[in-house]
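# A closer look at the structure
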Amino acid sequence: MSFQTIAALAIVALAVTGLIWRSVAKSAKPGCGGGCGCPSSEIKAKLKVVK
Amino acid sequence: MSADAKPTLYPRTPVYAIIGNPNCGKSTLFNALTGLKQKVGNYPGVTVEKKQGTTYSQHGQPLAVIDLPGTYSLAARSPDEAVTRDVLLGRRADTPTPDRIICLVDATNLERNLYLVHQVLDLGRPVILVLNMMDLAAAAGVNIRVARLEKELGIPVIPCEAVNGKGILQLKLAMSRPDLPLSRHAWDVPPAIAAAVAELQASLAANDGKPPLSARAEALLLLTDQDSVRVAGSTPLSARTAEILQAWQKRWEAEGMDWAGALVNSRYEAIGRLAAEVVQPGVMAGPTVSDRIDAVVTHPIWGWLVLVAVMTLLFVSIFTLAEYPMDWIGVQVAALAGWVRGVMPPGDLRDLITDGAIEGVGTIITFLPQILILFFFIGLLENTGYMARAAFIMDRLMSRVGLNGKSFIPLLSSYACAIPGIMATRTIEDPKDRLTTILVAPLMSCSARLPVYLLMIAALVPGDRVPLATKVGLMLLMYALGTGGAFGFAWLFKRTLLKGAPPLMIMELPPYRLPGLKDVAMHMVERAGLFLKRAGTIILGISIVLWFLSTFPRAPAGATSIQQVEYSIAGRAGHAIEPLIKPIGFDWRIGIGLISSFAAREVFVSSTAVVFSVENFDANHEHADIAPLRVALRNARWPDGRPLFTPLVCLSLMIYYVFAMQCMSTIAVVRRETNTWRWPIFQTAYMTGAAWILSFIVYQGGTALGF
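Predicted model only: the values in this text are computed from it and were never measured.

What follows covers the overall build of chain B. Along chain B, the regular secondary structure elements total 30 helices and 10 strands. The buried share of chain B, taken over its 707 residues, is 50%.

A few words now on the overall build of chain A. Along the backbone of chain A there are 2 helices and 1 strand. Along chain A, from the amino end to the carboxyl end, the secondary structure elements read α-α-β. Taking all 51 residues of chain A together, the buried fraction comes to 37%.

Our next topic: the pairing of strand S1 (residues 15-20) of chain B. Residues and elements named next belong to chain B. Of all the 6 residues making up S1, 5 are buried; the element is thus mostly covered by neighbouring parts of the structure. With 4 bridges joining them, S1 and strand S4 (residues 62-67) adopt parallel strand pairing. Among the inter-strand pairings, tyrosine 16 is bridged to a residue of S4, identified as valine 65. The sheet contact formed by S1 and strand S5 (residues 100-106) spans 5 bridges and is parallel. If you follow alanine 17 over to S5, its bridge partner there is isoleucine 101.

Glancing now at the nonpolar core. Residue and element names in this part refer to chain B. Grouped together as the largest cluster of nonpolar side chains are 129 residues, with contacts concentrated most on Tyr453, Met456, Ile544, Cys650, Leu653, Met654 and Phe659. For this core, the leading source of residues is helix H22 (residues 517-551), giving 13 residues. When residues no more than four places from it in sequence are discounted, the contact partners of methionine 456 are Cys650, Leu653 and Met654. In terms of nonpolar packing, the next biggest core, distinct from the first, is built from 73 residues, Ile18, Leu33, Ala76 and Ile271 among them.

The next thing to look at is the packing of helix H12 (residues 302-321) of chain B against helix H15 (residues 368-384) of chain B. All names here are of chain B. One way to put it is that H12 packs onto H15 with a least axis distance of 9 Å and a crossing angle of 150°. On the basis of their axis angle, the class for H12 and H15 is roughly antiparallel. The handedness of the crossing between H12 and H15 is right-handed. In contact with Leu314, Ser317, Ile318 and Leu321 of H12, H15 contributes Gln370, Ile373, Leu374 and Phe377. Each residue belonging to the contact of H12 with H15 can be placed in one class, and the counts come to 6 nonpolar, 2 polar and no charged.

Let us look at H22(B). Taking 1.5 Å of rise per residue, the 35 residues of H22(B) would be expected to cover 51 Å, and the 48 Å separating its terminal C-alpha atoms lies within 8% of that figure. Maximum bend of H22(B): about 35°, positioned at B:Ile539.

Residues and elements named next belong to chain B. The amide bond that connects phenylalanine 552 to the next residue, proline 553, takes the cis arrangement and shows omega of 0°. Position of proline 553 relative to the elements: it lies in the loop between H22 and helix H23 (561-567). In this structure, methionine 133 takes a positive phi of about 60° despite not being glycine. Structurally, the position occupied by methionine 133 is in the loop between strand S6 (127-132) and helix H4 (134-139).

This part takes up the environment of B:Trp692. All names here are of chain B. Assignment of secondary structure puts tryptophan 692 in helix H30 (residues 678-704). Residue tryptophan 692 is classed as partly exposed on the basis of its 17 C-beta neighbours within 10 Å. Along the chain, tryptophan 692 and isoleucine 581 lie 111 residues apart, while their C-alpha atoms are 8.2 Å from each other.

Another point: helix H19 (residues 431-440) of chain B. All names here are of chain B. Among the 10 residues of H19, 7 are classified as buried, and the element is accordingly described as predominantly covered. All of the buried residues in H19 are Asp433, Arg434, Thr436, Thr437, Ile438, Leu439 and Val440. Of the surrounding secondary structure, the elements contacted by the buried residues of H19 are helix H17 (408-414), helix H18 (418-423), helix H21 (468-495), helix H29 (664-674) and H30.

On to the confidence of the model for chain A, then. Residue and element names in this part refer to chain A. Across chain A, the average pLDDT comes to 65, with 49% of residues at 70 or higher. The least confident element of chain A is strand S1 (residues 47-50), whose mean pLDDT is 36; the most confident is helix H1 (residues 3-28), at 85. Counting contacts from residues 30-51, a segment whose pLDDT is below 50, to residues more than four positions away or on other chains yields 80 contacts.

Residue and element names in this part refer to chain B. In this structure, isoleucine 569 sits in helix H24 (residues 569-581). Taking C-alpha positions, isoleucine 569 is 9.7 Å from arginine 554, a pair spaced 15 residues apart along the chain. Setting aside residues up to four positions removed in sequence, isoleucine 569 forms contacts with Leu549 and Phe552.

All names here are of chain B. Structurally, the position occupied by phenylalanine 586 is in the loop between H24 and helix H25 (588-596). Its 23 C-beta neighbours within 10 Å are what place phenylalanine 586 among the buried residues. Remark: the alpha-carbon pair of phenylalanine 586 and phenylalanine 645, spanning 59 residues in sequence, is separated by 8.7 Å.

This brings us to the packing of H21(B) against helix H28 (residues 647-659) of chain B. Residue and element names in this part refer to chain B. One way to put it is that H21 packs onto H28 with a least axis distance of 9 Å and a crossing angle of 40°. As for how H21 packs across H28, the hand of that crossing is right-handed. For the pair formed by H21 and H28, the contact residues are Met478, Leu481, Gly482 and Gly485 on the first element and Met654, Ile655, Val658 and Phe659 on the second. Grouping the constituent residues of the contact of H21 with H28 by class yields 6 nonpolar, 2 polar and no charged.

Glancing now at the confidence of the model for chain B. All names here are of chain B. For chain B, per-residue confidence averages 82 on the pLDDT scale, and residues scoring 70 or more make up 89% of the total. Contacts from residues 1-11, a stretch scored under 50 in pLDDT, to residues over four places away or in other chains number 23 contacts. Low pLDDT (under 50) marks residues 615-627, which in the prediction has 22 contacts with non-local residues, meaning those over four places away or in another chain. Both scores are available for the predicted complex, with the pTM at 0.61 and the ipTM at 0.70.

Criteria and thresholds
Residues numbered from 1 in each chain as written. Chains lettered and ligands numbered in written order. Predicted model: local features only at pLDDT ≥ 70, side-chain atom pairs only at ≥ 80, totals over all residues. Helix = DSSP H or I, 4+ residues; strand = E, 2+ residues; numbered from the N terminus. Buried ≥ 20, exposed ≤ 12 C-beta atoms within 10 Å, placed from the backbone. Pairing = 2+ DSSP bridges. Core = buried A, V, L, I, M, F, W, Y, C linked by C-beta atoms within 7 Å. Contact = placed C-beta atoms within 7 Å. Axes fitted to C-alpha atoms, helices over the stretch in contact; angles between N-to-C directions. Parallel < 35°, antiparallel > 145°, perpendicular 65-115°, else oblique. Left-handed = near helix turned anticlockwise from the far one by under 90°. Nonpolar A, V, L, I, M, F, W, Y, C, P; charged D, E, K, R; others polar. Expected span 1.5 Å × (residues − 1). Bend = angle between axes of the 7 residues up to and from the residue. pLDDT = per-residue confidence, 0-100.

Structure, rendered in structure tokens:
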């Protein structure tokens, strides 16, 4: 195996580890983190229900 | 009870919290105080955004500021309001109890806003009252006697126009004061309730460790809202306090008296007397400008036309304004790949960097200008007040399919990403409404689908230029299909699996105002940062893994690049599902894209870039630059020589992406929110099934008609 192939496979292993770690970390700390474009809390709180 | 107007001194930097009614300008004020020195996160365990920042006193001392979710009252009715209440009462271990509170009120409606202020003053902590939107109040003829209000409450009162920056300096000066007086406001608790208040206060002080003034405020609050809404991360009441509260609740139920209501009324009476002394309401000559605009914007017919026009303008902007920056980014990405090819010798590492990382991530980043424009418009619509009108118009439609207006925000959020949309359903009290919204939210075309639509639209029409009207029309069609699909399935679910009647909804329509472009720009920059962060982490990681899966195992010597991809793990997976997807016009290469999309929908673009650009390499000699992806797609062929990406296939693929459930993260969130695997499995099945059926109808029907 050439150096480039070994290096490439190492990077792939690193990427897989990183993706798995992110997935586990997200399960441990639920919540969106506000990262995906949710409307402001002002808009959310404006809707009230009459009971 | 009157609080002594004693000055307070703090040995450390105080923590400020900004609190106010929804839409009174809290975020604008927070941004004005903290600028970019702010951090957006999440309160652990709840889907409520946590915003913290730093501002500076007049002496250059850093001051911590927390922007709390908007609420009309400390009697919480939703997780957002519960978090605000808990932070102020010191019930959250993850957030410091604010030492000082900035109450922001809408000066055009002071009396209503004072209810929250009145509750906050009970807490016995220093408060600064900020009267925002003074310009609008003046325009409405409302005159507020600021000095009188200061005297009555005994706290600093600062007139402000946060959107214009007026009053910010005075506020910072007030925040810089080492001594801030406690309020001397007073109101009479009904005598019949006084005993309950005293008993709870004593228990909170003795068993929950609350300071006396804070204990009284919390006792009043517990008797008003009965502690009905609790969220994760909130310190529970001690057993003794909970027992006392329950005992009083039972006693009042037995007496048949609404003492909670009496408490609320007593507070309103005190506020009414105060407002009568300090507010001179303007004489309204007739409908306001907002009323006149709303006569059109909320009209049953014109309102819809306006909504469609706004959406059309949004998509026209996405296509026209983003073209040059997109082309520029594409050129830079190709140049970078070419440079790497030039400096590195041939090998797997070089291929990983160029075909995997640069190609995969670079193709996604090309769509950044369009994402920016999308979020710019969303921020603009929110800032002007139009978003509330859109919610109002949508409520008419949603109630017909059995959804209530509270579903609008989760569904609207899902246009950006279904995950926060699904989490936002926690504000929906009815479990069936909530579950219905969760099941249909992913049908709203999320921003991750945008690159797929754009790529297909570019590949769909022959020639280099796609007419603008065609692009806009197709985009509108995709968004309309997704929205229509969501409503259609909601209607079906509410009449079959999840029968139930929607509750009534009331909502506030804030006055229109000119957008604060600085706020909108900050919002856009924040989202762009998050998009790039996602591209640089998740998408990069997936692109690298995808390269590996499409490169290994190695094909026998002498195989072409295309044969190598076929021989690889990804190719075999694509071939495995080809019998299922051939009836809808897709081959194994598109199949690789469909499979990889489970990680993130936009990865379809990266994976097609990896798979189809490899093909183009053969056609254009080994060291040629990678051709634009859409050209590569148009050149792609079935084994018999027929073109693969015909307009019909592009349309079929877009429709598939509108409806299919392809996001593992969304499935994981649905599992967590519903606490079972049954619903995410059902959701994946019905969505993917609907996607296949509709794509089949379009492809086979179009083929039969000769398209």
